[in-house]
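# Residue-level structure breakdown
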Amino acid sequence: GGEYSEIIVSTPNGIVPIGKNHPTVVVAGPCSVENKTMIVETAKQIKASGAKFLRGGAYKPRTSPYAFQGYGESALELLSIAKQETGLGIITEVMDAGDLDKIKEVADIIQIGARNMQNFSLLRKVGSQDKPILLKRGIAATINEWLMAAEYILAAGNPNVILCERGIRTFDTKYTRNTLDLSVIPVLRSLTHLPIMVDPSHGTGKADYVPAMATAAVAAGTDSLMIEVHPNPAKALSDGIQSLTPVKFNNLMHKIFVIDQTI
Ligand code: PEP
Ligand code: MN
């Protein structure tokens, strides 16, 4: 325990440090990039509320092969437009190593999703390039398995890994999609120097529960948050139920700011 590191990410708006005693860094945006208007408008709104990074899926890891899979390369182009318009950093998921080069052209942080946490060849590939990696916890991964997955990236030569708690699968899925494990915040702090992110959107699966878990995570000492935000959640192509509107996101950002000042 004790010392933990910061990761310095450069974005068009400037350098954003994640970790140590820096203010909570907030990543926000839709589950999937759907069209130019929605991604650019969402980016402008979350920026005005204080987010430093825009998230948006281009390649989506969907349970069903018949569900919307993301718009792929054209979504990456829309993320690039949103980046130019706002200067926000970009986070998006890689599922296939073959897409890495084009993802790297727009992403400032590359996401490894929960379902690929133990895709060891993909971990080695993202470990041997220099963009920071957001490593989501596998849907039923132990803390040790998660840390060993991070170790694959570190061992391949990339020291910039952020660990993202996004809920784990437990016995009750009636009221929440996953069980958000906030106890990992102090546990990880005692085990690793790596910065921590918490994703209460996938962690709860319901927009109404997101603010309570987001503020709790900040109070517990997370370094960063990932919040799904959609201009019209009822019409979202994926994860609308857990997405905040930009107005609700703005209200949450005020609370986060107050807790950040207090702890
Ligand atoms: C996502 O961030 O949209 C996502 C698919 O997350 P996870 O891998 O945590 O399910
Ligand atoms: Mn999602």
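Residues numbered from 1 in each chain as written. Chains lettered and ligands numbered in written order. Predicted model: local features only at pLDDT ≥ 70, side-chain atom pairs only at ≥ 80, totals over all residues.

As recorded in an unreviewed UniProt entry, the chain goes by 3-deoxy-D-arabinoheptulosonate-7-phosphate synthase and comes from Atelocyanobacterium thalassa.

Before going further, it helps to spend a moment on the overall build of the chain. Scanning the chain from N- to C-terminus turns up nine helices and 10 strands. Over its C-alpha trace the chain gives a radius of gyration of 17 Å, about what one expects of a compact globule, namely 18 Å for 263 residues. Every one of the 263 residues in the chain was classed for burial, and the buried ones make up 48%. (Helix = DSSP H or I, 4+ residues; strand = E, 2+ residues; numbered from the N terminus. Rg over C-alpha atoms; globule rule 2.2 N^0.38 Å. Buried ≥ 20, exposed ≤ 12 C-beta atoms within 10 Å, placed from the backbone.)

This paragraph deals with the site of ligand 1. The full set of residues close to ligand 1 is C31, G57, P61, G113, A114, R115, K136, R166 and H202. Classifying every residue of the shell around ligand 1 by side-chain character gives three nonpolar, three polar and three charged. (Near = placed C-beta within 6 Å. Nonpolar A, V, L, I, M, F, W, Y, C, P; charged D, E, K, R; others polar.)

Another point: the environment of S64. Within the secondary structure, S64 is located in the loop between β4 (53–55) and α2 (72–86). It is 19 Å that separates the C-alpha atoms of S64 and V33, two residues lying 31 residues apart in sequence.

Following the UniProt record, the feature "domain: DAHP synthetase I/KDSA" (unreviewed entry) maps to residues 15–253 here. Split by type, residues 15–253 is 37% helix and 16% strand. Its first and last C-alpha atoms lie 20 Å apart. (UniProt positions renumbered as here; feature names shortened; annotations may be inferred.)

This next bit is on helix α1 (residues 36–49). With 14 residues, α1 should reach 20 Å at 1.5 Å per residue; the first-to-last C-alpha distance of 20 Å fits that figure. Among the residues making up α1, those that are buried are M38, I39, T42, A43, Q45, I46 and S49. For α1, the secondary structure elements touched by its buried residues are β3 (25–29), β4, α2 and α9 (246–262). G50 lies just past α1 and shows a positive phi near 110°. (Expected span 1.5 Å × (residues − 1). Contact = placed C-beta atoms within 7 Å.)

This paragraph deals with the sheet that holds β4. Strand order in the closed barrel made by the eight strands is β3-β4-β5-β6-β7-β8-β9-β10, with parallel pairing throughout. Within this sheet the neighbouring strands show an average axis-to-axis angle of 25°, counted without direction. (Pairing = 2+ DSSP bridges. Axes fitted to C-alpha atoms, helices over the stretch in contact; angles between N-to-C directions.)

This part is about the packing of helix α4 (residues 120–127) against helix α5 (residues 143–155). Relative to each other, α4 and α5 sit at 40°, their axes nearing to 7 Å. With respect to α5, the element α4 is oriented oblique. As α4 runs across α5, the sense of the crossing is right-handed. Two secondary-structure elements touch here, α4 through F120, L123, R124, V126 and G127 and α5 through A149, Y152, I153, L154 and A155. Per-class residue counts for the contact of α4 with α5 are eight nonpolar, one polar and one charged. (Parallel < 35°, antiparallel > 145°, perpendicular 65-115°, else oblique. Left-handed = near helix turned anticlockwise from the far one by under 90°.)

What follows is about the pairing of strand β6 (residues 109–112). In β6, alternate side chains face the same way, and those of I109 and Q111 on one face and I110 and I112 on the other are all buried. Taken together, the three bridges between strand β5 (residues 89–93) and β6 define a ladder with parallel strand orientation. Within β6, the residue paired with E93 across the bridge is Q111. Note that β6 and strand β7 (residues 133–136) share three bridges and pair parallel.

Counting residues in hydrophobic clusters, the biggest one holds 72 residues, and the most contacted among them are L135, I162, L163 and I227. Contact partners of L135, with chain neighbours within four places excluded, come to I112, M117, A149, A150, I153, V161, I162, L163 and C164. (Core = buried A, V, L, I, M, F, W, Y, C linked by C-beta atoms within 7 Å.)

Here we come to unusual backbone geometry. Positive phi, normally seen in glycine, also occurs at K20, with a value near 45°. Mapping K20 onto the fold places it in the loop between β2 (14–19) and β3. Judged by C-beta crowding, with 13 C-beta atoms within 10 Å, K20 ranks as partly exposed. In this structure, D239 is a non-glycine residue whose phi angle is positive, near 55°. Summarising the element assignment, D239 is placed in the loop between β10 (224–228) and α9. The exposure class of D239 is buried, given the 20 C-beta atoms found within 10 Å.

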